[in-house]
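# Residue-level structure breakdown
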Amino acid sequence: MRYSVCVPNFGEFAAPDVFADVARRAEEAGWDALLVWDHVVEQKELRREIADPWVLLTAAALATCRIRLGTAITPVARRRPAKLAREVTTLDRLTGGRMVLGVGLGAPVADEYGSFGDTTEIRVLAERLDEGLHALDLLWSGEPVTYRGNQVTIDDVVFRPTPVQRPRVPIWVGGFWPNKAPMRRAAQWDGAIPVMAGVEAARAPEVSEVRELVLFLRACRAENGLADRPFDVVIGGMSSPGTAGRDLVGPMADLGITWWDERMPWGDGLESIEPILRRIEQGPPRT
C-alpha cells in the first residue's frame, strides 16, 4: 500500500508557495503522493479564495522530486479535452512521470456548471466525461487522431510530445459508492477513487463496504478483459500515526487496496493548513 494526502485548492492552500511547502513536507515525511481538488467556485455562496490546481501542481512539482502529484478529482466534462491533455502532459514531463489524473463529474453541479451557463443535465455531463477520457487517451498516444463523438470532436490531430508515462498518465475515476455507474467507468481505466459513507467527517469506511467495492471492481475488470492488468483502488479518511493507523489500514491492504488517501473533515477547518500539516509531519499509517 502507498499513501497520499488530499487537500482542497481553496483557503490557505490557494497560495502556490504554501501548497509547494505542503508538497515538500509530505515528501520529506514519507508520503507517496499529494492530491488536490479541482474547483472553480465550489459552493459559490461561500465566496472561497480558490486557486487553479494546475498552477498549484506546478509549484509542487518544482518543490519535490519523488512523490506523485495529481487531482482528486478533475471534472473532465467542464474541461476542453485538448487543453487538459496538454496541461497533464506538460506536468508529467516536468515531474519526470509522477502525475496521476483523478477524474469524475464534479460537484456541486449547479454551482460549477450552471453558474457559467453550462448544462446541468447529468446524462450529458456523463457522456462528455466518457468521451473526454477517450479523447485524452487517444491524444496521449502521439499518433494521428480523428474522433467524432456526440460531445467531443477531434479532426486529424497529432499531440506531441507525449507524457513520460506510457501508455498514458494513470486515470483514477471517482464517484459516490454504492452507485455502480462511476465504478463501472473506473474499471475501464487505471484506478478507482470512490467517495464512501462518512466522507464529510473524513471517517474511514467499514471494511465490509470496502470488500463489496473491491469485489464489484474485480468483476467489472474481468468483464472488460482487464483482470490481469494493474489497477489502483484508493480508499481514504482520517488516520492516526503509529499502531492505530496500522490497525486501520492493515485490513484494507489485505483486501487489495493499493492506496490510503489521508483526508480532512468537511468542517470549519477545511480551509486551514495547520491541521493537515500536523498530520503530514507524523508520517503515513504504514502497515
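Whatever comes next refers back to the structure up there.
Now for a quick tour of the structure. The model shown is predicted, which means the values in this text are computed figures rather than measured ones.

Next up on the list: the layout of surface pockets. In this model, the largest pocket occupies a volume close to 870 Å³. If you go around the largest pocket, you meet 31 residues; those closest to its centre are Ile 73, Ala 107, Phe 176, Val 195 and Trp 266. Those elements that place two or more of their residues in the lining of the largest pocket are strand 3 (68-75), helix 5 (122-139), strand 7 (171-176), helix 6 (180-186) and strand 8 (191-195). In terms of residue count, strand 7 provides more of the lining of the largest pocket than any other element does, three residues in total. The class makeup of the residues in the lining of the largest pocket is 18 nonpolar, seven polar and six charged.

Most of strand 1 (residues 2-7) sits out of view: five of its six residues are buried. Direction of pairing for strand 1 relative to strand 10 (residues 259-262): parallel, over a ladder of four bridges. Bridged to Ser 4 within strand 10 is Asp 261. Two elements, strand 1 and strand 2 (residues 33-36), share four bridges in a ladder whose sense is parallel. Across the sheet, the residue bridging to Val 5 is Leu 34, located in strand 2.

The biggest cluster of nonpolar side chains holds 82 residues, and the ones touching the most others in it are Leu 34, Leu 101 and Ile 235. A total of six residues in this core trace back to one element, the largest contributor, which is helix 7 (residues 207-223). Not counting the four nearest positions on each side in its chain, Leu 101 is found in contact with Trp 54, Thr 71, Thr 74, Leu 84, Val 88, Leu 136, Trp 140, Val 169, Pro 170, Ile 171 and Trp 172.

Calculation rules
- Residues numbered from 1 in each chain as written.
- Predicted model: local features only at pLDDT ≥ 70, side-chain atom pairs only at ≥ 80, totals over all residues.
- Heavy atoms only, no water.
- 1 Å grid on protein atoms, 1.4 Å probe; cavity = no way out; pocket = protein on both sides within 12 Å on 5 of 7 lines; lining within 4 Å.
- Points joined across faces, edges and corners; volume = space filled by probe spheres on them.
- Helix = DSSP H or I, 4+ residues; strand = E, 2+ residues; numbered from the N terminus.
- Nonpolar A, V, L, I, M, F, W, Y, C, P; charged D, E, K, R; others polar.
- Buried < 20%, exposed > 50% of the residue type's maximum accessible area, 1.4 Å probe, protein only.
- Pairing = 2+ DSSP bridges.
- Core = buried A, V, L, I, M, F, W, Y, C linked by side-chain atoms within 4.5 Å.
- Contact = heavy atoms within 4.5 Å.

Any functional reading would require information that these geometric values do not contain.
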